[in-house]
Number of protein chains: 2
Amino acid sequence: METLKAIFTRRSVRRYRPDPIPDEIMQNLLRAAMSAPSAGNEQAWQFVVVTQRALLDRIPAIHPHAQMLTEAQAALLVCGDLQREEHRGYWVQDCSAATENLLLAAHDQGLGAVWVGVYPREERILPLRELFRLPETVIPFSLVPIGYPTEAAMAEDRFNLERVHFNQW
Amino acid sequence: METLKAIFTRRSVRRYRPDPIPDEIMQNLLRAAMSAPSAGNEQAWQFVVVTQRALLDRIPAIHPHAQMLTEAQAALLVCGDLQREEHRGYWVQDCSAATENLLLAAHDQGLGAVWVGVYPREERILPLRELFRLPETVIPFSLVPIGYPTEAAMAEDRFNLERVHFNQW
């Protein structure tokens, strides 16, 4: 898919068919995430590929907006790695750019996905860290359920000229 | 350009030719930014399109890593709008996703760009807010200089299997 088309037509997808996701497509998604820019190229991220049904099914009891995981074939947990952060305060931006790349790559590859926010909510971070046995220096940042969509999402043009200012406010 | 190619080959570009950027391309970049996902679709962002030479040239005195603005034909200042934030703590993620979309769209359109970090550094936020006459509730988040690149950037594969964990750490 052309880049601008992918950017303009990507939408949150929360309903998935039961088809599994091929390994090579999952690798494309991870490569896309790791191709994101980061502060001073610090790449302060880690990724957990979640495909075990038992793990996926436990997440909705932890996270109030994660019910779709019971249908998803996989999820990617994007984490910040504080030991790799060289520019203090920027790991959140690194992980956000990686998450956006993931979403665009998923849409491009015919998959549906959605950015489920974790950080900065402590009540989501702590149980997810425990469930995935993450070290103390690794912070669960966002959770991206992935699957083949049950239906095509409607595109919607979000361009809004009122948000654009020329040279000064 | 195909989406994955754009994601995999995008690089920070800091040297630009003096050619101006057509309005329709600038609008594509802004539409791409505003197509980003945001927490609960809150779209807590604002954009300043900077093309005045005098403004661009004043930024390097404010920001230590913004010397390339003296060569850039334009820059986009991505800002968080606290009055539009509905999910507390997520506006940074909204603006990061918008910035990443901007960078990918610029690369796709043959432009070079780079994510110059502003937030959370107070010593960058305050003088930029003053220069662009932003309201107190609008936070300069990132600055993206844009121009036609002087040379093609080298692609580099950042995929790193050591950052991938399967099901649990």
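Refer to the structure above for everything that follows.
Read on for an overview of the structure. This one's a predicted model, so the numbers in the text were calculated from it and none came from an experiment.

What to know about the overall build of chain A
From N to C terminus, chain A includes 5 helices and 6 strands. Starting at the N terminus and walking to the C terminus, you meet the elements of chain A as α-α-β-α-β-α-β-β-α-β-β. Scaling as 2.2 N^0.38, a compact globule of 169 residues should have a C-alpha radius of gyration of about 15 Å, and chain A matches this with 16 Å. Counting only C-alpha atoms, chain A reaches 50 × 40 × 30 Å along its principal axes. Every one of the 169 residues in chain A was classed for burial, and the buried ones make up 59%.

Description of the packing of aromatic side chains
In total, this model carries 10 aromatic pairs over all chains according to the counting rule given. Ring geometry for A:W45 versus A:F47: centroids 6.4 Å apart, planes at 45°, classification tilted. Residue A:W45 is classed as buried on the basis of its relative accessible area, which comes to 0%. A relative accessible area of 0% places A:F47 in the buried class. When the ring of B:W91 is compared with that of B:Y119, the centres are 4.8 Å apart and the planes differ by 70°; the resulting orientation is edge-to-face.

A few points about the interface of chain A and chain B
Opposite the 71 residues of chain A that make contact, chain B presents 71 residues. Note on chain A versus chain B: buried area summed over both sides is about 6,300 Å², and carbon and sulfur give 53% of it. Contact with chain B buries surface across chain A, with A:R163, A:N167 and A:W169 losing the most and accounting together for 14% of the total. The tally of links between chain A and chain B comes to 2 salt bridges. Measuring nitrogen to oxygen at the nearest pair gives 2.9 Å for the salt bridge that ties A:R31 to B:D157. Across the chain A-chain B interface, the total number found is 48 residue pairs in polar contact (both at pLDDT 80 or more). Elements supplying a minimum of two residues to the side of chain A that touches chain B: α1 (3–9), α2 (23–34), β1 (45–50), α4 (91–108), α5 (122–131), β5 (138–147) and β6 (164–166) of chain A. In terms of residue class, the side of chain A that touches chain B is built from 36 nonpolar, 20 polar and 15 charged.

Description of the environment of B:Q109
If you trace the backbone, B:Q109 turns up in the loop between α4 (91–108) and β3 (112–113). A C-alpha to C-alpha distance of 27 Å links B:Q109 and B:H63, two positions 46 residues apart in sequence. Ignoring sequence-local partners within four residues, the contact set of B:Q109 consists of A:L4, B:I25, B:N28 and B:L29.

Focus: the pattern of salt bridges
Residue and element names in this part refer to chain A. As enumerated under the stated definition, the model contains 16 salt bridges over all chains in all. Among the ionic pairs, R158 bridges to E156, the shortest N-O distance being 3.1 Å. Because the salt bridges share partners, they merge into one network encompassing R11, E156 and R158.

What counts and what doesn't
Residues numbered from 1 in each chain as written. Chains lettered and ligands numbered in written order. Predicted model: local features only at pLDDT ≥ 70, side-chain atom pairs only at ≥ 80, totals over all residues. Heavy atoms only, no water. Helix = DSSP H or I, 4+ residues; strand = E, 2+ residues; numbered from the N terminus. Rg over C-alpha atoms; globule rule 2.2 N^0.38 Å. Buried < 20%, exposed > 50% of the residue type's maximum accessible area, 1.4 Å probe, protein only. Phe/Tyr/Trp six-rings, centres within 6.5 Å; stacked < 30°, edge-to-face > 60°. Contact = heavy atoms within 4.5 Å. Buried area = accessible area lost by both parts, 1.4 Å probe. Salt bridge = Lys/Arg side-chain N within 4 Å of Asp/Glu carboxyl O. Polar contact = N/O pair within 3.5 Å; in protein donor to acceptor, adjacent residues only side chain to side chain. Nonpolar A, V, L, I, M, F, W, Y, C, P; charged D, E, K, R; others polar.

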